[in-house]
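Listed below are the residues making up each chain.
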Amino acid sequence: LSPHHVVHTYAAGCVERFLAARDRSVRPPAPRITRAQLEPLCGALLANLFKTFAAAPAHAKENVYVMRAVMRVIMHAGAAIAPHAEFLIDALTTIVAQVAANPSNPRFSHYTFEAIAALVKTLTAADASTVAAFEARLFPAFERILHDDIQEFAPYVFQIMSMLLERNAECTDAYAELFEPLLAPVLWQRPPNVPALARLMRAYALRAPHLLAAHLGALEAVFAHLMRRRSTEQHAFYLLEAVVTYVPFDAFDAHLDAFFETIFERLTHKKTPALVKAFVIFMALFVGKHDAERVAVRVDRIQDGLFGMVLDGAWLTHMPKVRGVIERKVCAVGSIALLCDAPSVAERYAEQWAALCDALVALFELPVQPDDPDDDDDDDGALPGTATHATEELAAIGYQTTYNKLHHASSIEADPFADVDPSTLPAAFAARLAERPDHFMPLLRNCSEQAATAIQAYAAQAGVSL
């Protein structure tokens, strides 16, 4: 090992770039150094990379290039990194503890947590049983960070906790004990925490909905706080969607008035297209996940005729603007539930029923706008995209000046109706209408000619007659 830390820096940068290099003469571009070539070198390479931290002078301990090389080795090795996992997690948590005492190099800290996230992602994907081992090793360090209020590291901790809880089969006592402190207002008042905390709350909803049900008062306060700012109102809906997706209706029913009061106050004073669209998606999810009639009646109990206002002022006007495969499917499922399973809507809001039917057919007929591709790695450890320069390729996982999202801790977008094939929805809608033709045919006469023609085509596809 060279005694000169400058040599360490250049060597680490060289290793990182060698591993990132792609042969672009083939499609898709392939790594110039393969996993098979890297695997026998991993042990020595990682050992020497970490030795440079100890050998470096005090002013150069937090070497970004060396930590980035460590991260790249983990990414590139894939499941072959498993024999070195214990060494890596101990070394990385030791570094986290050291820099937590005085976080002075945010880029170094970012790549350290990115390396941890890459290790968790890689090994838990190969073997789900490793989740418990990671929790045992990481939680003591995470608890110290939260206890000592190391604000720079808290968003990273929340993201990796989310990863682990999402991959866990249950919510263990360690998570349960942290839940109530995570609702402390001071944590949500720090903007960098909000995206990571909102995701963590959704992970709790997935694995322990009873915890959310027991703390709905605190969640109500968090929701109201997030709805006050345009920068966090989307996260407010993300939180509320987790509640209505995983918590039983009876558990949150008593809090609905407060949630809707907050929403309508925001819509009245700070209405934006993005806010209305988020509200429409939330309402469609709410209706689709629960009894549509019960939801419509419950909203009208808050204020007489309120559900009709929701349809006129939001659902009918903004559903056509929804983009993304999952969001469109949510809107379609919710609309079908309203049209077919909510008799009070058909009786009280007949005009809106026909307009909603027209809007649903338009949603079916409009070309699908796919979601942006997930920023996940491909199987060979390469970063996504076709960037040819180092600065472009590392931009996806580098330190930013605002919220620092860990590239390797990225969540997969949840599909609340994963069991529903969107291509079957038009025929399913027509089949539902055909179950009660005497009830629905008078309502369908108020629909547009284009919608009526399309519905007849859906009925033929379903093999039913209207």
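Further up the page is the structure itself.
Treat the numbers as computed from the prediction; the structure is a model and nothing was measured. (Residues numbered from 1 in each chain as written. Predicted model: local features only at pLDDT ≥ 70, side-chain atom pairs only at ≥ 80, totals over all residues. Heavy atoms only, no water.)

### Here's the deal with the overall build of the protein chain
Working step 1: Looking only at helices and strands, one finds 26 helices and two strands in the protein chain.
Working step 2: Across its three principal directions, the C-alpha atoms of the protein chain cover 85 × 50 × 40 Å.
Working step 3: Per-residue burial for the protein chain yields a buried fraction of 52% across its 466 residues.
Working step 4: Taking contacts inside the protein chain between residues at least 6 apart in sequence as the whole, the part at least 24 apart equals 77%.
Working step 5: Carbon and sulfur atoms provide 55% of the accessible area of the protein chain, an area that totals close to 20,900 Å². (Helix = DSSP H or I, 4+ residues; strand = E, 2+ residues; numbered from the N terminus. Buried < 20%, exposed > 50% of the residue type's maximum accessible area, 1.4 Å probe, protein only. Contact = heavy atoms within 4.5 Å. Areas by Shrake-Rupley, 256 points an atom, 1.4 Å probe, with all protein chains shown as cover.)

### Focus: unusual backbone geometry
Trans peptide bonds make up most of the peptide bonds, and negative phi angles are found at most residues other than glycine.
Working step 1: With omega at -5 degrees, the peptide bond leading from Arg27 into Pro28 counts as cis.
Working step 2: By secondary structure assignment, the location of Pro28 is in the loop between β1 (22–23) and β2 (30–31).
Working step 3: Positive phi values are uncommon outside glycine, yet Asp149 reaches one of about 55 degrees.
Working step 4: Within the secondary structure, Asp149 is located in the loop between α7 (130–147) and α8 (154–167).

### Considerations on the packing of helix α5 (residues 85–100) against α7
Working step 1: Two elements in contact, α5 and α7, have axes whose closest approach is 11 Å; the angle formed by their N-to-C orientations is 0 degrees. Considering their axes alone, α5 and α7 lie roughly parallel with respect to each other. Across the interface between the two elements, Glu86, Ile89, Asp90, Thr93, Val96 and Ala97 of α5 pack against Phe134, Arg137, Leu138, Arg144 and Ile145 of α7.
Working step 2: Here the contact of α5 with α7 is composed, by residue class, of six nonpolar, one polar and four charged. (Axes fitted to C-alpha atoms, helices over the stretch in contact; angles between N-to-C directions. Parallel < 35°, antiparallel > 145°, perpendicular 65-115°, else oblique. Nonpolar A, V, L, I, M, F, W, Y, C, P; charged D, E, K, R; others polar.)

### Points about the nonpolar core
Working step 1: If you look at the biggest cluster of nonpolar residues, it comprises 160 residues, and the most contacted ones within it are Tyr204, Phe279 and Trp353.
Working step 2: Not counting chain neighbours up to four residues away, the residues in contact with Trp353 comprise Leu338, Leu339, Val345, Ala346, Leu433, Phe440, Leu443, Leu444 and Cys447. (Core = buried A, V, L, I, M, F, W, Y, C linked by side-chain atoms within 4.5 Å.)

### Considering helix α19 (residues 306–318)
Working step 1: Between its first and last C-alpha atoms α19 spans 17 Å; for 13 residues at 1.5 Å apiece the expected length is 18 Å, and the two agree.
Working step 2: Taken as a whole, α19 carries its principal kink of about 35 degrees at Asp312.
Working step 3: At its buried positions, α19 is contacted by α16 (256–269), α17 (273–289), α18 (292–302), α20 (325–341), α21 (343–348) and α22 (350–365). (Expected span 1.5 Å × (residues − 1). Bend = angle between axes of the 7 residues up to and from the residue.)

### Topic: the environment of Arg294
Working step 1: Counting through the fold element by element, Arg294 comes out in helix α18.
Working step 2: Residue Arg294 is classed as partly exposed on the basis of its relative accessible area, which comes to 34%.
Working step 3: Counting along the chain gives 47 residues from Arg294 to Asp341, while the straight-line C-alpha distance between them is 9.6 Å.
Working step 4: Those residues in contact with Arg294, other than ones at most four positions away along the chain, are Phe249, Asp250 and Asp253.

### Points about a negative patch on the surface
Working step 1: Among the surface-exposed residues, Glu143, Glu170, Asp173 and Glu177 lie close enough to one another that they form a single negatively charged patch.
Working step 2: Tracing the backbone shows Glu143 in helix α7. (Patch = residues over 30% accessible without salt bridge, like charges linked within 9 Å, V, L, I, M, F, W, Y side chains within 5 Å. Salt bridge = Lys/Arg side-chain N within 4 Å of Asp/Glu carboxyl O. Lys, Arg positive; Asp, Glu negative; His and termini not counted. Charge placed at Lys NZ, Arg CZ, Asp CG, Glu CD.)

### Observations regarding the packing of aromatic side chains
Working step 1: Counting across every chain of the model gives 21 aromatic pairs.
Working step 2: For the ring pair Phe53 and Phe108, a centre distance of 5.8 Å and an interplane angle of 75 degrees mean the geometry is edge-to-face. Separated by 55 residues along the polypeptide, Phe53 in helix α3 (residues 42–55) and Phe108 in helix α6 (residues 106–126) bring together distant segments of the chain.
Working step 3: Measuring from ring centre to ring centre gives 5.7 Å for Phe264 and Phe279, while their planes differ by 80 degrees; the resulting arrangement is edge-to-face. Of this pair, Phe264 sits in helix α16 while Phe279 sits in helix α17, and the two are 15 residues apart along the sequence. Just as Phe264 is buried, Phe279 falls in that class too.
Working step 4: One Lys or Arg, Arg202, reaches over the ring of Tyr238 and ends 5.0 Å from the middle of that ring.
Working step 5: Just above the ring of Phe417 sits the side chain of Lys289; from NZ or CZ to the centre is 5.0 Å. (Phe/Tyr/Trp six-rings, centres within 6.5 Å; stacked < 30°, edge-to-face > 60°. Lys NZ or Arg CZ within 6 Å of the ring centre and 35° of its normal.)

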